[in-house]
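Residue-level listing of the chains:
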Amino acid sequence: YAKSHGRNKYQFFNPSMNEGTLERLQFMYDLRRALDENELSLYYQPRMETASKRIVGLEALVRWISPEPGAGRIRMPQEFISLAEETGLIIPLGEWVLRAACNQYKEWERQGMPPLRISVNISVVQFGRDEFVSLIRRILEETAMPPDMLELELTESMVMKSDEEVILKLRQLKELGVFLSIDDFGTGYSSFTYLKHFPIDALKIDRSFIQDVPHGVRDTAITKTIIALGRRLGLKVVAEGVETKEQLAFLSSRKCDEVQGYLISKPLAVEEIEPLLRNGNLSDTIG
Ligand code: C2E
Ligand code: MG
Ligand code: MG
Ligand code: MG
């Protein structure tokens, strides 16, 4: 079973897997089991609109809750996403995440919660598949998710190649009505070409630029420039990794549309986030 089955099938072995192949097989086995036995869970981090200080969206972030008790019970995406990408398990994992996020939206809708757009991180491996657009269409239909309430977080590496295939895919996604954003903006091969041609709705400024705002001269210049660029292009601009009131004050003064970060809230499990959603208003949290 070690052969590749063409570019759209999972490729279980590849040359880069020579080192630690046994560990990888063990990992694949464990992650496969985690998927089958429902050990994956989504945490949600609020996105706050700076002007109104209201929660306007949630980012879904995957966690692997291992059944063994104790420390390290909650495994973070850094521990398993890239291996999932290398082994092809990102395909079923990514599909699970999309479906779980849409089902959660519908569940909150049934409970009468105010509607919030949910964003989902998409792996370059997922996006690259021929079936990606039809997968999104199918999940929207199956879950009855309103398309404009689903946001796909893409990265610069996916849209960098301004080839026809990528543009076509993005157009088809926009036709479905989903919201498209560029995650970790500024850390990849940013190109004005794709900003010119591609139907993107939002830019998420990477946390590494926000970190030293407003004191770091360069980070502050870069952040101001990205906000101005986004505004000129009619894109929503979101700052990631906002941890201090000073950062928030700066971003508000520069009219950055939305902020996300530990200052507002950490990513939370469903039970933890529901009270916050019922409240809707974050002024208690951030003063
Ligand atoms: P990301 O998409 O840039 O998500 C934001 C990450 O920054 C999250 O880490 C979040 O917990 C963290 N974060 C948020 N606010 C702050 C802050 O104020 N300070 C600091 N230091 N960190 C903050 P997390 O959940 O560990 O996820 C890491 C990365 O893993 C994500 O980065 C995303 O690229 C990837 N990831 C997470 N869930 C999924 C998924 O379902 N599918 C795929 N393909 N990738 C995922
Ligand atoms: Mg993200
Ligand atoms: Mg991401
Ligand atoms: Mg990011």
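Residues numbered from 1 in each chain as written. Chains lettered and ligands numbered in written order. Predicted model: local features only at pLDDT ≥ 70, side-chain atom pairs only at ≥ 80, totals over all residues. Heavy atoms only, no water.

Caption draft 1: Seen up close, the coordination of the magnesium ion (ligand 4). In this structure, D183 (OD), D184 (OD), E240 (OE) and E240 (OE) serve as the protein donors to the magnesium ion (ligand 4), at separations of 2.0 to 2.5 Å. Going along the chain, you hit the donors of the magnesium ion (ligand 4) in the pattern D-D-x55-E. Between the magnesium ion (ligand 4) and the magnesium ion (ligand 2) the interatomic distance amounts to 4.0 Å, and D183 serves as a bridging ligand to the pair. Of the two residues, D184 sits in strand 6 (residues 179–185) while E240 sits in the loop between strand 8 (236–239) and helix 11 (245–253), which places them 56 residues apart along the sequence. On the basis of relative accessible area, E240 is assigned to the buried category, the value being 11%. (Donors = N, O, S within 2.8 Å, 3.2 Å for Na, K, Ca; no water. Helix = DSSP H or I, 4+ residues; strand = E, 2+ residues; numbered from the N terminus. Buried < 20%, exposed > 50% of the residue type's maximum accessible area, 1.4 Å probe, protein only.)

Caption draft 2: Structural context of the coordination of the magnesium ion (ligand 2). Each protein donor to the magnesium ion (ligand 2) is listed here as E59 (OE), N121 (OD1), E153 (OE) and D183 (OD); together their distances run 2.0 to 2.4 Å. Spacing between the donor residues of the magnesium ion (ligand 2) along their common chain follows E-x61-N-x31-E-x29-D. The metal-metal distance between the magnesium ion (ligand 2) and the magnesium ion (ligand 3) is 3.1 Å, with N121 serving as a donor to both. Of this pair, E153 sits in strand 5 (residues 150–155) while D183 is found in strand 6, placing the two residues 30 residues apart along the sequence. Pair check on accessibility: E153 and D183 agree, each one buried.

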